[in-house]
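One letter stands for each residue in the lines below.
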Amino acid sequence: MTPVTRQEVLGLYRKIFRIAKKWQSASGQIEDTIKEKEYIKNEAKTLFRKNKNVMDPKLIKQCIEECEARIEIGLHYNIPYPRPIHLPPMGLAHKQGRTLRHQEKLRKISKPIYLKSHDEVS
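Residues numbered from 1 in each chain as written. Predicted model: local features only at pLDDT ≥ 70, side-chain atom pairs only at ≥ 80, totals over all residues. Heavy atoms only, no water.

Caption draft 1: Helix 1 (residues 3–22), seen in detail. Spanning 20 residues, helix 1 covers 29 Å between terminal C-alpha atoms, matching the ideal 28 Å at 1.5 Å per step. All of the buried residues in helix 1 are Thr5, Val9, Leu12, Ile16, Ile19 and Ala20. The buried residues of helix 1 all sit within an arc of 100° when viewed along its axis, so they share a single face. In helix 1, the exposed positions that point more than 90 degrees away from the buried face belong to Pro3, Val4, Arg6, Gln7, Lys21 and Lys22. The inward-facing, buried residues of helix 1 abut helix 2 (30–50) and helix 3 (57–77). (Helix = DSSP H or I, 4+ residues; strand = E, 2+ residues; numbered from the N terminus. Expected span 1.5 Å × (residues − 1). Buried < 20%, exposed > 50% of the residue type's maximum accessible area, 1.4 Å probe, protein only. Arc of directions from axis to C-beta. Contact = heavy atoms within 4.5 Å.)

Below, the structure written as structure tokens:
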């Protein structure tokens, strides 16, 4: 990891904890706010620790992009949890039919960047 990339990653980590510190839930309830703050902190710790040994520059860039996307979406919608995608069950298959394995591959490819690590951790 280059020093510039390291600084960028550490900056994102600090940014997430600053966001968590100031976070207010959409409902305005104190219990919800506390729960969402804890979720933000735990999710950040889990994902950053999981990816701490990643050395591939392309994969590091992808993780950084995912982090930035989740931050922006979370702040925009005021929801700390990843927003699920809604695809119909057979929405990616052709009418002649395709194998289930091929459809699962298409679903994986079509998954937004901000959900790439969600299924792996949760």
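Next comes the rest of the write-up.
Caption draft 2: Structural view of the packing of aromatic side chains. Per the counting criterion, the structure on display carries three aromatic pairs. Ring-pair connections join several aromatic residues into one group, and the members of that group are Tyr13, Phe17 and Phe48. (Phe/Tyr/Trp six-rings, centres within 6.5 Å; stacked < 30°, edge-to-face > 60°.)

Caption draft 3: Main features of the environment of proline 82. As for its position among the elements, proline 82 is in the loop between helix 3 and helix 4 (100–110). The spacing of proline 82 and arginine 70 is twelve residues in sequence and 7.0 Å in space, taken between C-alpha atoms.

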